[in-house]
Amino acid sequence: MEDPFVAHRSLLFTVAYEMLGSAADAEDVLQETWLRWADADRSQVHDCRAYLVRAVARQALNRLRTLSRRREDYVGEWLPEPLLTLPDVAEDIELAESVSIAMLTVLETLGPVERAVFVLREVFDMPYGEIAEAVGKPAAAVRQIARRARGHVAARRPRTQVSRSEHRAVVQRFLAALHTGQVRELMEVMAPDVVLIADGGGLAAAAPAPVHGAELVATLLARADRGAFDTTAVWINGAPAVRLESDGRSAAVSIVVENGRITRIYATANPRKLTRLDEPAELTR
């Protein structure tokens, strides 16, 4: 029989990734969990899936507390590590939303325990009692934390959902405007209050702070050398997106669309975060 850890590995990776926003850290958490699973008394485990999810959540929470301190010293804006995905991920609307760069960026504004509770409850529908065991809090406290986290996320998440076809159409319009390099054409595909957030991590050129407004964002994008980069439409974190290649350097660009226009642009250029763009990640709930 297949080992339960192997059978549920995609689920466990998804839990860890949503809690951490980093595939590399999620893989480390899975390795730590595997070592503990190998030493566990299987005769005392009645629900392997639930047991493993709790174990991954505990390890991810420990890692998240460490990362929260480390990210305070990060150079420039911090964005989640983008993952190449298949279009199939988008068929599960709730999963696609939960792993989107926009949602993971919102989750960064939560404290470690709040993030763990939100992910386990809202995304994976784990019972409060099991979440309490995973985070080391009373069930009553977990309910309060969940309510507070829901309100926090609701106030910051994208306001509207768009179809895959609309999202894909806007990405194509954005690509066409990007290749012309015309400020006016770029502005037409963006909302007036669009925000560009770029993550270079001190290792690649990137705006050090968010850029606000269609004219400023379009002007910044129009400065790029048109003949020096190639663009490819891809699926990143369950949504249509763009991969840029220029002089041996890459960038992953995810966008948020509302009412047919771009309201957020997330551009990740830190090379340490671009190692998962060649093979699709397996994400599941």
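Refer to the structure presented above.
Residues numbered from 1 in each chain as written. Predicted model: local features only at pLDDT ≥ 70, side-chain atom pairs only at ≥ 80, totals over all residues. Heavy atoms only, no water.

Q: Quick question: what am I supposed to make of the nonpolar core here?
A: Across soluble globular proteins, you tend to see nonpolar side chains buried next to one another. Formed by 54 residues in total, the largest nonpolar core has its most connected members in F13, V15, M19, L107, V117 and L120. Look past the residues within four positions of L107 in its chain and what remains in contact with it is E18, R115, F118, V119 and V153. With 27 residues, the next largest nonpolar core counts V194, L196, V242 and V253 among its residues. (Core = buried A, V, L, I, M, F, W, Y, C linked by side-chain atoms within 4.5 Å. Buried < 20%, exposed > 50% of the residue type's maximum accessible area, 1.4 Å probe, protein only. Contact = heavy atoms within 4.5 Å.)

Q: Teacher, can you tell me more about the pairing of strand β4 (residues 239-246) here?
A: For a regular strand, side chains alternate in direction, first toward one face of the sheet and then toward the other. Alignment of strand β3 (residues 229-236) against β4, held across 8 bridges, turns out to be antiparallel. When the bridges of β4 are listed, F229 appears paired with S246. Here β3 hands over to β4 after 2 residues, with N237 in that stretch at a positive phi of 50°. In terms of strand pairing, β4 meets strand β5 (residues 249-258) through 6 bridges, oriented antiparallel. Pairing of L244 across the sheet is with A251, part of β5. Hairpin connection, β4 to β5: the antiparallel pair is bridged by 2 residues, and D247 has positive phi, about 50°. (Pairing = 2+ DSSP bridges. Helix = DSSP H or I, 4+ residues; strand = E, 2+ residues; numbered from the N terminus.)

Q: What should I look at first to understand the environment of R272 in this one?
A: Locating R272 in the fold gives a position in the segment after β6 (261-268). Note on R272: relative accessible area 64%, which makes it exposed. Separated by 12 residues in the primary sequence, R272 and G260 have C-alpha atoms spaced 32 Å apart.

Q: Sorry, what's going on with the side chain of R71 here?
A: Tracing the chain through its elements places R71 in helix α4 (residues 48-71). Within polar-contact distance, the side chain of R71 engages the backbone oxygen of L20 at 2.8 Å. Setting aside chain neighbours within four positions, we find R71 in contact with L20, S22, L64, W78, E108 and R115. (Polar contact = N/O pair within 3.5 Å; in protein donor to acceptor, adjacent residues only side chain to side chain.)

Q: Before we go on, may I ask you to explain the packing of helix α2 (residues 9-20) against helix α3 (residues 23-39) in this structure?
A: Any two packed helices are characterised by the angle at which their axes cross and by the distance between the axes. As a packed pair, α2 and α3 sit with axes 8 Å apart at the nearest point and diverge in direction by 130°. Of the possible angle classes, the one that applies to α2 and α3 is oblique. Judged by the twist between their axes, the crossing of α2 over α3 is right-handed. Mapping the contact onto sequence places R9, L12, F13, A16, Y17 and L20 in α2 and A23, D25, A26, E27, V29 and L30 in α3. Of the residues contributing to the contact of α2 with α3, the split by class is 9 nonpolar, no polar and 3 charged. (Axes fitted to C-alpha atoms, helices over the stretch in contact; angles between N-to-C directions. Parallel < 35°, antiparallel > 145°, perpendicular 65-115°, else oblique. Left-handed = near helix turned anticlockwise from the far one by under 90°. Nonpolar A, V, L, I, M, F, W, Y, C, P; charged D, E, K, R; others polar.)

Q: Help me understand unusual backbone geometry in this model?
A: For residues other than glycine, phi is negative in most cases, and the peptide bonds are mostly trans. Phi angles above zero are rare outside glycine, and N237 is one such case at about 50°. Looking at the element boundaries, N237 is found in the loop between β3 and β4. Backbone geometry at N259 places phi at a positive 55°, although glycine is not the residue there. Within the secondary structure layout, N259 lies in the loop between β5 and β6. Take N259: its relative accessible area is 73%, and that puts it in the exposed class.

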